[in-house]
Amino acid sequence: MDKLAIEGGGELRGEVRISGAKNAALPILCASLLTAEPLVLSNVPQLNDVRTMGSLLSQMGVRSEKSDGSLTLSAAKVDWPLAPYEMVKTMRASILALGPLLARCGEARVSLPGGCAIGLRPVDQHIKGLQAMGAEIDLDHGYIDARAAHLSGTQFVFDVVTVTGTENLMMAATLAAGTTALGNAAREPEVVDLAECLKAMGARISGAGSDRIVIEGVETLHGAHHSIMPDRIETGTFLAAAAAAGGDVALLGARADTLQSVLDKLIEAGAEVSADAAAIRIKRQDKLKSVTMRTTPFPGFPTDMQAQLMALMTVADDTAVITETIFENRMMHVQELKRLGADIEVEGNTAIVKGVPRLTGATVMATDLRASACLVIAGLIAEGETVIDRIYHLDRGYERIEEKLSALGARIRRVA
Ligand code: EPU
């Protein structure tokens, strides 16, 4: 199993290009199920989760072809509207096939995702929303069995803000009869990117990016070209790494409007940040300041950046208070940060992080994707060598992270 070895202590300097967003690419790949015509995608990140989604779609009968940096998906026929347990257990985002399959084929059988490391993560809102659109849904031996001769427009208000729930229902509603209004919808930029792709395919959608999305169903969707938005969490991770290590880094292609809350916290912590249409640049020379932060749905501070901010706070000047409100078990990086010498106490879903003068290298274990990114940042500032085990989590969601960090001067290598 691959590990990452990091020799900490150096600054980061230079430029790095941000990849396409994992969490935009995954629903957009599923959107290909909604049309018999080819969907041509560019800026698709090369990640294990994207490859897993590609295999899932190919099992359903979707043909894919790569050329010149673009990926063409053709769902001329969907032979097998099934997302089996083996796929869903490795990637929960497989649930995103449910809405499109049901809308296109009138039936779908998708394994219920179980709990995962960061929390229980139920999908009741996806199911309730599809039922409100007229689907008959049974839970059978761990599978969601859904049928609908045709879906009908509806008014549906989510009980909780859910990103993939909003995406699933928005996709299903594009081919439903009549108008669907989704209230308390997720406002995340990835929802907007999916809506842009669906609109290019002929869908009629307004309000994406607000908490009320209105979709007027159409008979069919057609082929389109769409370029995936830059990854705001990869961007935030590199920004946090540069703020932690110090130096001067430019992130090419990054979009400041998709992560203002993260930029604000980094500025509060003492980093200098500037942004234009081409890049976000970060510099940090002075001592880091401790900040208080709560995760909330967009436009608040993203849960997917909580662990990385915590790594930064381990060496800040005072006490930082970090509260996780989205997932019930997303503090597993704390134990590992402590192995590196961090002073952190967890009370419920709040971490109290007392800044220490320095971290020291040790062997640590990655427990989930963003926890792994947090440990990479901690490794970059720790004295001596940090070895991170189980980095397959990182490969799910970061494209060539060690190459990109090496290009910025980090001493990081992959070891078998
Ligand atoms: N929830 C329910 N019922 C539902 C759906 C969600 O109670 O039917 C709860 C969840 O348990 C959680 C909260 O609502 O407490 C928010 O979960 P959400 O559904 O928004 O999460 P998700 O859609 O499963 C996406 C991202 C996650 C990211 C979250 C929150 C994708 C593929 N995944 O997950 O990304 O953390 O939104 O922003 O878009 C990651 O990339 O590392 C990652 C975990």
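Since this is a predicted model, take the numbers as computed values, not measurements. (Residues numbered from 1 in each chain as written. Predicted model: local features only at pLDDT ≥ 70, side-chain atom pairs only at ≥ 80, totals over all residues. Heavy atoms only, no water.)

Points about unusual backbone geometry
For the peptide bond that leads from Phe298 to Pro299, omega is 10°, which places it in the cis range. Position of Pro299 among the secondary structure elements: in the loop between strand 18 (292-294) and helix 10 (306-313). Despite not being glycine, Arg121 has its phi angle at roughly 50°, a positive value. With respect to the secondary-structure elements, Arg121 resides in the loop between strand 7 (107-111) and helix 5 (124-132). By relative accessible area, Arg121 is classed as partly exposed at 27%. (Helix = DSSP H or I, 4+ residues; strand = E, 2+ residues; numbered from the N terminus. Buried < 20%, exposed > 50% of the residue type's maximum accessible area, 1.4 Å probe, protein only.)

Focus on the packing of aromatic side chains
Following the criterion strictly, the structure yields one aromatic pair and no others. Measuring from ring centre to ring centre gives 5.1 Å for Phe156 and Phe158, while their planes differ by 85°; the resulting arrangement is edge-to-face. In this structure, Phe156 and Phe158 share a single accessibility class: buried. The positively charged end of Arg109 is found above the aromatic ring belonging to Tyr143, 4.3 Å away from the centroid. (Phe/Tyr/Trp six-rings, centres within 6.5 Å; stacked < 30°, edge-to-face > 60°. Lys NZ or Arg CZ within 6 Å of the ring centre and 35° of its normal.)

A closer look at the sheet that holds strand 16 (residues 272-275)
Taken in spatial order, the four strands of this open sheet run 2-15-17-16, and their pairing is mixed. Single-partner strands in this sheet number two, and they are strand 2 (12-17) and strand 16. Averaged over all adjacent pairs, the angle separating strand axes in this sheet is 10°, with direction ignored. Bridge analysis of strand 16 against strand 17 (residues 279-284) gives four bridges, and the strand direction is antiparallel. Bridge assignment links Glu272 to a residue of strand 17, and that residue is Lys283. The strands touched by helix 8 (residues 232-245) are strand 2, strand 15 (247-252) and strand 17; relative to strand 17, the strand with the most contacts, the crossing angle is about 20°. (Pairing = 2+ DSSP bridges. Axes fitted to C-alpha atoms, helices over the stretch in contact; angles between N-to-C directions. Contact = heavy atoms within 4.5 Å.)

Description of the site of the ligand
Lining the immediate environment of the ligand, one finds 21 residues, of which Gln125, Thr162, Thr164, Asp304 and Ile326 sit closest. For the ligand, an oxygen atom lies 3.3 Å from a polar atom in the backbone of Pro122. Expressed as a share of its isolated accessible area of 820 Å², the protein-covered part of the ligand is 86%. Elements that contribute at least two residues to the shell around the ligand include exactly helix 1 (22-31), helix 5, helix 6 (163-174) and helix 12 (369-381). (Near = heavy atom within 4 Å. Polar contact = N/O pair within 3.5 Å; in protein donor to acceptor, adjacent residues only side chain to side chain. Areas by Shrake-Rupley, 256 points an atom, 1.4 Å probe, with all protein chains shown as cover.)

Here we look at the confidence of the model for the chain
When pLDDT is averaged along the chain, the result is 96; 100% of the residues meet or exceed 70. Per-element confidence in the chain ranges from a low mean pLDDT of 90 for helix 3 (residues 85-90) to a high of 99 for helix 7 (residues 189-200). (pLDDT = per-residue confidence, 0-100.)

Details of the side chain of Thr174
Relative to the assigned elements, Thr174 resides in helix 6. By relative accessible area, which is 0% here, Thr174 ends up buried. Apart from residues no more than four positions distant in its own chain, Thr174 is found in contact with Leu34, Leu198, Ala203, Ile205, Ile215, Glu216, Gly217, Val218 and Leu221.

Re the sheet that holds strand 13 (residues 212-216)
Within the open sheet, the four strands sit side by side as 10-11-13-12. Their pairing is mixed. Two strands bound the open sheet, and with one partner strand each, they are strand 10 (155-157) and strand 12 (204-206). Pairwise comparison of adjacent strand axes, ignoring direction, gives a mean angle of 15° for this sheet. Examined bridge by bridge, strand 12 and strand 13 share three bridges and lie antiparallel to one another. Paired with Arg204 across the strands is Glu216, a residue of strand 13. Taken strand by strand, helix 6 contacts strand 10, strand 11 (179-183), strand 12 and strand 13, and its axis lies near 25° from that of strand 13.

Side note on the pattern of salt bridges
Applying the stated criterion across every chain, the model contains 23 salt bridges. A salt bridge links Arg358 to Glu383; the nearest nitrogen and oxygen atoms lie 3.3 Å apart. With Arg358 in the loop between strand 21 (350-354) and strand 22 (363-365) and Glu383 in the loop between helix 12 and strand 23 (385-389), this residue pair connects regions lying 25 residues apart in the sequence. A relative accessible area of 47% places Arg358 in the partly exposed class. With a shortest N-O distance of 3.2 Å, Glu403 and Arg400 are connected by a salt bridge. With a relative accessible area of 48%, Glu403 lands in the partly exposed category. The network of salt bridges with shared partners includes Asp2, Asp395, Glu402 and Arg414. (Salt bridge = Lys/Arg side-chain N within 4 Å of Asp/Glu carboxyl O.)

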